[in-house]
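Spelled out, the chains give:
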Amino acid sequence: MTGFYTLFKKEILRFWKVGFQTLAAPMITALLYQLIFSHAVGKSVEALPDVPYNAFLIPGLAMMSMTQNAFANTSSSLIQSRITGNLVFILLPPLSVSAFFSAYVAAAVVRGLLVGAGVLAATAWFGLPLPHNVLWIAAFALLGCTIMATLGLLAGIVAEKFDQLAAFQNFLIMPLTFLSGVFYSINSLPEFWRGLSHLNPVFYMIDGFRYGFFGVSDTSPWLSLTVAGGFTVVLITGVLAVLKSGWKLRT
C-alpha cells in the first residue's frame with residue numbers, strides 16, 4: 001500500500017499543481033457548450049419527455065468532461081514519463097502491477113469526478129433538477145471515469161510519441177464521445193444510426209448517468225449498467241494482462 005499511496009499522491013499533485021488547466025479549463029469549455037447549444041436550440045427541442053433541453057444537456061456535458069479528463073490524466077502522465085525518461089524511477093521500486101494500475105486509474109478518477117462536480121455546479125442554474133437517484137449517478141460516474149482512465153493507460157503504453165496519443169484521442173475517444181447522445185437523444189436518429197449508437201459503450205455511460213437525474217432515459221438503466229460494468233471488467237482484465245507481460249520483461 002505504501003507504493004500505491006506514493007504513486008497515487010504523485011499523480012494527484014501532478015494535475016493539482018496545474019489546476020487551472022486540468023480542472024478549470026474543462027469546466028469553462030462545458031459552460032460554453034451549454035451557453036451555445038441552449039441558446040441555439042434550447043427552446044425548439046425536447047430530447048426526453050418533460051425534460052427541457054437546457055437541463056437535458058447538463059448531465060451529458062458533465063459525463064463527457066469527466067471521461068475526457070480521466071483519459072487525458074493517465075495517458076498524458078504515462079507518455080510524458082516515458083518520453084522524459086523518468087518512468088524508470090517508477091519501475092525500479094518493488095511496485096506491483098496492481099498497485100501501479102490502481103494508482104494511475106484512481107488518480108484519474110479523482111480528476112474526472114472533480115471536473116464533473118465542477119461542470120454540474122457551473123451549469124446547474126440552467127435548470128438542472130434535484131437528482132432522481134444519487135446511486136445511479138455515482139455508479140455511472142465511477143464506471144465512466146474508470147473505463148476512460150483504463151483506456152488512457154492503455155494508450156500511454158501503446159503510443160510511442162505525442163502524435164500517436166493525439167491520434168488515439170482524435171480518432172477514437174472524441175468520436176465515441178460526441179456520437180453517444182451528449183447533445184441529442186438517439187431516438188431522434190434514423191434507424192441505422194440509432195442501431196450503431198447502441199454499439200457505443202460511451203452511450204450507455206451517458207444515458208445511465210442522465211437517468212440518475214431525470215428518471216427517464218433512452219434505454220433501460222439496468223442494461224446501461226450491465227454494458228458499462230461488463231466493459232469495465234473486460235477492459236481492466238486486458239490492460240492488467242498487458243502490464244503483467246511488461247513486468248515480466250522488466251524482471
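This text follows the structure it describes.
Since the structure is predicted, the reported quantities are computational estimates derived from the model, not experimental observations.

Criteria and cut-off values
Position numbers for residues start from 1 in each chain and track the written sequence from start to end. Whole-chain, interface and lining totals are the exception, using all residues; otherwise, since this is a predicted model, local features are given only for residues with pLDDT of at least 70 and side-chain atom pairs are given and counted only at 80 or more. Based on all heavy atoms of the structure, the side-chain values leave hydrogens and waters out of the count. Should a side-chain nitrogen of Lys or Arg be within 4 Å of a carboxyl oxygen of Asp or Glu, the pair is scored as a salt bridge. Under the DSSP-based scheme used, a helix requires at least four consecutive residues in state H or I and a strand at least two consecutive residues in state E, with every element numbered from the N terminus. Every helix has an expected span of 1.5 Å times one less than the residues it contains. The reported bend at a residue is simply the angle between two axes, fitted to the 7 residues ending at it and to the 7 residues beginning with it. What counts as a ring pair is set by centres within 6.5 Å for rings of Phe, Tyr and Trp (its six-membered ring), and what kind of pair is set by the plane angle: stacked under 30 degrees, edge-to-face over 60, tilted for all other angles. In this scheme, a residue with accessible area under 20% of its type's maximum is buried, one over 50% is exposed, and one in between is partly exposed, where area comes from a 1.4 Å probe on protein chains only. Only buried residues count toward a nonpolar core, which is a set of Ala, Val, Leu, Ile, Met, Phe, Trp, Tyr and Cys residues joined through side-chain atoms within 4.5 Å. What makes two residues a contact is simply this: any of their non-hydrogen atoms within 4.5 Å. To count toward a patch, a residue needs a relative accessible area above 30% and no salt bridge. Like charges then connect within 9 Å, nonpolar side chains (Val, Leu, Ile, Met, Phe, Trp, Tyr) within 5 Å. All accessibility values rest on the Shrake-Rupley procedure with a 1.4 Å probe; residue burial counts only the protein chains present in the view.

*Asks:* Talk me through the pattern of salt bridges; I want residue IDs and the actual numbers.
*Replies:* Counted under the stated rule, the structure contains 3 salt bridges. Salt-bridge contacts for R14 lead to E11; the nearest nitrogen and oxygen are separated by 3.6 Å. Taken together, the residues R14 and E11, both in helix α1 (residues 2-16) and 3 residues apart, mark about one turn of the helix. Between R82 and E160 there is a salt bridge, with the nearest N and O atoms lying 3.3 Å from each other.

*Asks:* How would you explain helix α2 (residues 19-41) if you had to name every residue and give the values?
*Replies:* Spanning 23 residues, α2 covers 32 Å between terminal C-alpha atoms, matching the ideal 33 Å at 1.5 Å per step. In the structure, α2 departs most strongly from a straight axis at A25, where the bend amounts to approximately 35 degrees and where the proline P26 lies between one and four residues downstream.

*Asks:* Help me get a handle on the packing of aromatic side chains, residues and values and all.
*Replies:* This structure, assessed with the given rule, holds 17 aromatic pairs. With 4.8 Å between their ring centres and 55 degrees between their planes, F100 and Y104 make a pair best called tilted. Linking F100 with Y104, this pair stays in helix α5 (residues 97-123), spanning 4 residues, or about one helical turn. Across this residue pair, the class does not change: F100 and Y104 are buried. Residues F213 and F214 carry aromatic rings whose centres are separated by 6.5 Å and whose planes lie at 50 degrees to one another, so their mutual orientation is tilted. No difference in accessibility class separates F213 from F214, as the two residues are buried.

*Asks:* Outline the environment of A241, supporting the account with residue identities and numerical values.
*Replies:* Following the sequence through the fold, A241 ends up in helix α10 (residues 221-250). For A241, a relative accessible area of 45% puts it in the partly exposed group. Once the C-alpha coordinates of A241 and V119 are considered, the two residues, 122 residues apart in sequence, prove to be 35 Å apart.

*Asks:* Any details on the nonpolar core? Residues and values, ideally.
*Replies:* The nonpolar side chains of a soluble globular protein tend to be buried with one another. Counting residues in each nonpolar core, the largest one holds 69 residues, and the members touching the most others are F100, Y104, L153 and F209. Of all the elements in the fold, those that place two or more residues in this core are α1, α2, α3 (53-84), α5, α6 (134-158), α7 (162-178), α9 (201-214) and α10. Tallying contributions element by element places α3 first for this core, with 14 residues. Apart from residues lying up to four places away in sequence, Y104 is in contact with L7, K10, E11, T74, S77, L78, S81, L87, I90 and L153.

*Asks:* Explain a nonpolar patch on the surface to me, using residue names and the numbers behind them.
*Replies:* A contiguous nonpolar patch, built from F20, I28, L32, L35, I36 and W125 and spanning about 700 Å² of accessible area, is present on the exposed surface. Note on placement: I36 falls in helix α2. Judged by relative accessible area, I36 falls into the exposed class, the value being 54%.

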